[in-house]
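# Structural overview
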Amino acid sequence: MASTRDRIIALFVANEDTYLSGQAISEQLNISRTAVWKQINILKKDGYQVDAIPNKGYRIISTPDKLSENTLQWGLDTKWLGKTIHHYPTIDSTQTKANALAYEGAPHGTIVVADKQEAGRGRMNRQWFSDNNQGIWLSIILRPSVLPFQAPQFTLLVGTILAEVLTKETDVAVKIKWPNDLFIGNYKVAGILTEMQAEQDTVHHLVVGIGINVNQTRTRFDTSIQTKATSLREATGTIYSRIILIQQILRSFEAEYENFIKQGFNPIKTKWEQRAYKLNEWVTYYTNNQKAEGKIKGIQEDGALLVERIDKQITALYSAEIDW
Ligand code: BT5
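Residues numbered from 1 in each chain as written. Predicted model: local features only at pLDDT ≥ 70, side-chain atom pairs only at ≥ 80, totals over all residues. Heavy atoms only, no water.

Named according to an unreviewed UniProt entry, the chain is Bifunctional ligase/repressor BirA originating from Paraliobacillus ryukyuensis. Check the Function (unreviewed entry) section of the UniProt entry for the chain; it says "Acts both as a biotin--[acetyl-CoA-carboxylase] ligase and a repressor." Of the chain, the UniProt comment under Sequence similarities (unreviewed entry) reads exactly: "Belongs to the biotin--protein ligase family." (UniProt positions renumbered as here; feature names shortened; annotations may be inferred.)

## Things to note about the site of the ligand
In the vicinity of the ligand lie 28 residues, with Ser-93, Arg-121, Arg-126, Lys-188 and Asn-213 positioned nearest. Here a nitrogen atom of the ligand and a backbone polar atom of Gln-95 are 3.5 Å apart. Within the side chain of Gln-117, one N or O atom sits 2.9 Å away from a nitrogen atom of the ligand. When the ligand sits alone it has 790 Å² of accessible area, and the protein chains cover 93% of it. The pocket occupied by the ligand, as judged from atoms lying within 2 Å of grid points, is the largest pocket. (Near = heavy atom within 4 Å. Polar contact = N/O pair within 3.5 Å; in protein donor to acceptor, adjacent residues only side chain to side chain. Areas by Shrake-Rupley, 256 points an atom, 1.4 Å probe, with all protein chains shown as cover. 1 Å grid on protein atoms, 1.4 Å probe; cavity = no way out; pocket = protein on both sides within 12 Å on 5 of 7 lines; lining within 4 Å. Sits in = over half its atoms within 2 Å of the grid points.)

## Describing the domain arrangement of the chain
The domain architecture assigned to the chain consists of domain 1 (4–62), domain 2 (69–274) and domain 3 (282–323). The partner domain 2 presents six residues to the nine residues of domain 1 that form the contact. Note on domain 1 versus domain 2: buried area summed over both sides is about 690 Å², and carbon and sulfur give 58% of it. Joining domain 1 to domain 2, the criterion identifies zero salt bridges. Remark: the boundary between domain 1 and domain 2 carries three residue pairs in polar contact (both at pLDDT 80 or more). Considering each element in turn, the side of domain 1 that touches domain 2 owes the most residues, five residues, to helix 1 (residues 4–14). (Domains from an automatic or database assignment. Contact = heavy atoms within 4.5 Å. Buried area = accessible area lost by both parts, 1.4 Å probe. Salt bridge = Lys/Arg side-chain N within 4 Å of Asp/Glu carboxyl O. Helix = DSSP H or I, 4+ residues; strand = E, 2+ residues; numbered from the N terminus.)

## Digging into the sheet that holds strand 5 (residues 135–142)
Backbone hydrogen bonds are what pair the strands of a sheet, in a parallel or an antiparallel way. One open sheet holds the seven strands; their spatial order is 3-4-5-9-8-7-6, and the pairing between them is mixed. Only two strands of the sheet have a single partner each, and these edge strands are strand 3 (85–91) and strand 6 (175–177). The average undirected angle you get between the axes of adjacent strands in this sheet is 20°. By the bridge criterion, four bridges tie strand 4 (residues 111–117) to strand 5 in an arrangement that is antiparallel. Bridge pairing links Ala-114 to Trp-137 in strand 5. (Pairing = 2+ DSSP bridges. Axes fitted to C-alpha atoms, helices over the stretch in contact; angles between N-to-C directions.)

Encoded structure:
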């Protein structure tokens, strides 16, 4: 059963334009008037602005940009994604935490989000700099009925979702650099890390990690990435609400995920290719230390990158080194 907090928030969401009396809340949620008062105080402490008018009741007039389970769920109209949110002011890595929760049986759609990560990670244990509360550091637990070979498709699916949502929210073109980066111009703004726990042909769970630089200025980046990274703020001059961005991502994620489960990979392939970084441009790449040139053409169902060589042959690259 949902917590009292969740239920009171749901009630306010359903009555967004009206005042709710303490009596009405107490009756609808079957809790005492004192419990209502306590919950309202908790919401205020969380940064909600609550207007209270004697004889009329309470109305929430604004939600804070402080991440919490409450603020993220406020107005979030998803069906299964983000019904449980674990928020941490500081954590080693949301990815590590989400994996641990998944092993303990956390349901499909559970989210782990943090303001700061002290040991954020990228692929192959690379470091992901996220020791600041100006980005989105988030992991999603998924339990799809898919085969292990399909795991890379989730990275491509999430890349497509992020490119679409971030482009819409910022009005700048956010492109997907194969396999798991999001780029604005020639700078990395976000990265995706998909991890899987599987056995033979059964996927037990997937954890999709999303890291997005949102409000950092360039000087806040670690020196090792200062010439390679950007944030939404650097690219546009605007400061963004992390809550609104996360909610938009979750809404779009839920819808696109459902489409993917129903319709398969083809629609994603098309959308991915429309937003691909350097599509139809020539790059140099190395496979087994062999240097080659190819034109980026798209992706194939198993997640490989398709390049067209000078002799017009199309080659599928799985783990090539690419000089972008
Ligand atoms: C990624 O790996 O890009 C995946 C990043 C996933 C991060 C999320 S945050 C929430 C969740 N919890 C975690 O612990 N991780 C996930 P990869 O393609 O391996 O890229 C790593 C490389 O990106 C590093 O070697 C740096 O060069 C660069 N990098 C590190 N931090 C960055 C940042 N904040 N912005 C841009 N580039 C960065």
